[in-house]
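Observations on chain architecture
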Amino acid sequence: MEHIIIIGNGISGVTLARHVRKLSDKKITIISAESDYFFSRTALMYVYMGHMKFKHTQPYEDWFWKKNRIELVKGYVEKVDPASKIIHLANNTTLSYDKLVIATGSKPNRFGWPGQDLPGVQGLYSKQDLETLEKNAPNNTVCQRAVIVGGGLIGIEMAEMLRSRKIPVTFLVREKSFWNGVLPNGESAMINQHILAHHIDLRLDTNLKEIIPDEQGRVKAVITDKGETIPCNVVGLTAGVTPNIDFLKGSGITLGKGVKVNRFLETSVPDVYAIGDCAEQHEALDQRRPVEAVWYTGRMMGETLAQTLCGKRRAYNPGHWFNSAKFLDIEYQTYGWVFSERNKEDHEQHFHWRHPKENICITIAYHKETNRFLGINTFGIRMRHEIFDRWLNQNKEVDHVLTYLKDANFDPEFYTQYEDAIVAKYNAEHQKNIDPKKKSWKRIFSKA
């Protein structure tokens with residue numbers, strides 16, 4: 001019986017195992033040093049905030065794995081030997097495989113800051129990071145202030161977690177506006193205001209220079225590039241992540257930032273594959289980054305590779321870009337491509353609407369010469385993925401999107417609707433006379 005070993009029990013590896021089991025009777029082994037069972041990484045913050053217990057983050061019962069004949073091995077992989085198809089674990093045991101899948105995810109970036117390895121300095125990615133934070137910052141007596149370094153999604157999640165326990169937070173962001181390498185200016189400015197409104201000390205255009213210890217060797221303060229010393233008991237390093245692939249050095253598998261793969265998620269070595277955050281596309285897929293540390297792409301890679309491993313070779317085709325997140329209590333969705341002013345190309349035009357009082361806004365990107373719809377960002381308004389996917393596939397013009405924008409709204413019944421105000425502003429700015437159509441369930445569920 002062919003033996004498939006998967007290193008990593010995150011969304012990519014577990015999705016792969018589930019789909020291989022649906023399609024075959026192959027022997028499946030998942031190796032992970034992080035946890036006994038698969039859990040939802042995005043839910044870790046809610047454990048710290050008291051909204052759930054860790055066991056509630058596990059979507060499958062403990063008996064699921066045995067019932068589905070998926071063997072779980074808790075251990076740390078030290079070395080992979082593709083020539084002999086053997087994996088070496090830290091406990092001096094070995095496992096042999098027929099097919100190997102690397103799904104080891106990411107680890108927090110560290111940029112060589114002095115003091116970055118002190119007790120009290122940590123990332124926020126793994127179950128172990130959550131357990132460490134519980135020890136480092138159980139309350140605002142033990143942790144009188146925390147400093148978070150890095151202005152991305154993980155950073156704002158960590159700030160929200162700490163503030164839930166009334167721990168003062170200083171947030172160091174090197175950019176001149178929060179996440180403005182991704183968000184257009186209007187959206188970034190709104191998030192700046194929202195962070196400050198949640199009593200988070202946001203320091204823009206500020207870099208970490210050094211972390212300094214106390215007499216016991218624990219962190220006691222940070223020094224910024226502005227020359228300021230900020231006392232703190234915890235430093236959260238959330239300046240992005242990088243593929244977790246150090247154990248593969250010297251294996252003969254071609255590495256870049258991540259494990260290099262082709263469109264079929266195959267590495268440079270026969271019978272070895274990589275999926276999820278640790279995989280790096282050798283050739284660019286549309287405008288996507290070579291490494292995408294995103295939950296849904298990891299899941300799609302797992303589903304795709306399962307087909308290949310079970311005899312139906314399939315190329316990875318993620319389709320149009322989409323993602324979702326939360327900035328504190330503001331829900332964010334993006335479909336297609338909406339680039340920041342720093343990164344957008346000359347042909348990309350933006351239409352931005354923001355509610356005069358609420359933290360609700362949208363930005364629509366379109367081609368300024370052809371008016372082709374390129375993408376949309378929404379904050380505080382839920383939209384239907386399928387509708388935007390359809391419009392992007394059909395190369396609809398921006399006027400069509402605004403005319404039928406009510407079809408895309410996915411907010412619950414009785415929520416306030418904003419499409420009329422959005423279209424009115426667009427008409428005023430572009431001397432148009434678009435009449436927004438009422439929502440039509442027939443159009444929504446049409447396959448055309």
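Provided above is the structure to which this section pertains.
Residues numbered from 1 in each chain as written. Predicted model: local features only at pLDDT ≥ 70, side-chain atom pairs only at ≥ 80, totals over all residues. Heavy atoms only, no water.

**Description of helix α8 (residues 385-393)**
For clarity, the cut-off: Using a 1.4 Å probe on the protein chains alone, a residue whose accessible area is under 20% of its type maximum counts as buried, one over 50% counts as exposed, and one in between counts as partly exposed. Secondary structure follows DSSP: runs of H or I at least 4 residues long count as helices, runs of E at least 2 residues long count as strands, and numbering of each begins at the N terminus. Residue contacts are counted whenever heavy atoms from the two residues lie within 4.5 Å of one another.
When we look at burial in α8, the residues that qualify are Ile387, Phe388, Arg390, Trp391 and Leu392. Buried residues along α8 sit against β22 (330-336), β25 (373-379), α9 (398-403), α10 (405-408) and α12 (441-444).

**Brief notes about the sheet that holds strand β5 (residues 86-89)**
Note the threshold: A strand pair is defined by DSSP finding two or more bridges across the two strands. Axis definition: a line fitted to C-alpha atoms, limited for helices to the stretch in contact. Angles are taken between N-to-C directions and run from 0 to 180 degrees.
On the basis of which strands lie adjacent, the open sheet formed by 3 strands has the order β4-β5-β6 and antiparallel pairing. The strands lining the two open edges of the sheet, one partner per strand, are β4 (77-81) and β6 (94-96). Within the sheet, the average angular offset between the axes of one strand and its neighbour, ignoring direction, is 20 degrees. Strand direction decides the pairing type here: β5 and β6, joined by 3 bridges, are antiparallel. Across the sheet, residue Ile87 finds its bridge partner in β6, namely Leu95.

**Focus on the sheet that holds strand β14 (residues 219-224)**
As summarised here, the arrangement of the 3 strands in space is β13-β14-β15, forming an open sheet in which the pairing is antiparallel. In this open sheet, the two edge strands, each paired with only one partner strand, are β13 (208-213) and β15 (229-231). Taking each pair of neighbouring strands and ignoring which way they run, the sheet shows an average axis angle of 25 degrees. Direction of pairing for β13 relative to β14: antiparallel, over a ladder of 5 bridges. Counterpart to Ile212 in the pairing with β14 is Ala221.

**Let's talk about the pairing of β5**
On β5, burial follows the alternation: Ile87 and Leu89 on one face are buried, whereas Ile86 and His88 on the facing-out side are not. Bridge count for β4 against β5 is 4 bridges, and the pairing is antiparallel. Paired with Val80 across the strands is Ile87, a residue of β5. Connecting β4 to the next strand, β5, in antiparallel fashion are 4 residues, including Lys85 with a positive phi near 55 degrees.

**Comments concerning the pattern of salt bridges**
Between side chains of opposite charge, a pair can form when the charged atoms approach closely. Here is the rule we go by: Salt bridges are defined by distance alone: a side-chain nitrogen of Lys or Arg within 4 Å of a carboxyl oxygen of Asp or Glu.
All chains considered together, the criterion is met by 26 salt bridges. In this structure, the salt-bridge partner of Glu131 is Lys127, at a minimum N-O distance of 2.6 Å. Highlighted residues: Glu131 and Lys127, both in helix α4 (residues 127-136), separated by 4 residues, approximately one helical turn. Classification of Glu131 as partly exposed rests on a relative accessible area of 37%. Between Arg313 and Glu266 there is a salt bridge, and its shortest N-O distance comes to 3.0 Å. Of this pair, Arg313 sits in the loop between α7 (295-309) and β21 (322-327) while Glu266 sits in the loop between β18 (259-261) and β19 (272-274), and the two are 47 residues apart along the sequence.

**Looking at the packing of aromatic side chains**
This is how it is decided: Only rings of Phe, Tyr and Trp enter the pairing, Trp through its six-membered ring, and a pair is recorded when the two centres are within 6.5 Å. The plane angle decides the type: under 30 degrees is stacked, over 60 is edge-to-face, the rest tilted. We call a charge positioned above a ring when the Lys NZ or Arg CZ atom is no farther than 6 Å from the ring centre and deviates by at most 35 degrees from the ring normal.
Summed over all chains, the structure comprises 23 aromatic pairs. Residues Trp321 and Trp337 carry aromatic rings whose centres are separated by 5.8 Å and whose planes lie at 5 degrees to one another, so their mutual orientation is stacked. Of this pair, Trp321 sits in the loop between α7 and β21 while Trp337 sits in the loop between β22 and β23 (348-354), and the two are 16 residues apart along the sequence. Each member of the pair Trp321 and Trp337 is classed as buried. Their ring planes at 40 degrees and their centres at 5.8 Å tell us that Trp353 and Tyr418 sit as a pair that is tilted. Placement of the pair is Trp353 in strand β23 and Tyr418 in the loop between α10 and α11 (419-430), with a sequence separation of 65 residues. For the pair Trp353 and Tyr418, a shared accessibility class is recorded, and that class is buried. Ring pairing ties together the aromatic residues Phe171, Phe178, Trp179, Phe327, Tyr332 and Phe379, which thus form one cluster. Sitting above the plane of the Tyr125 ring, Arg41 keeps its charged end 4.4 Å from the centroid.

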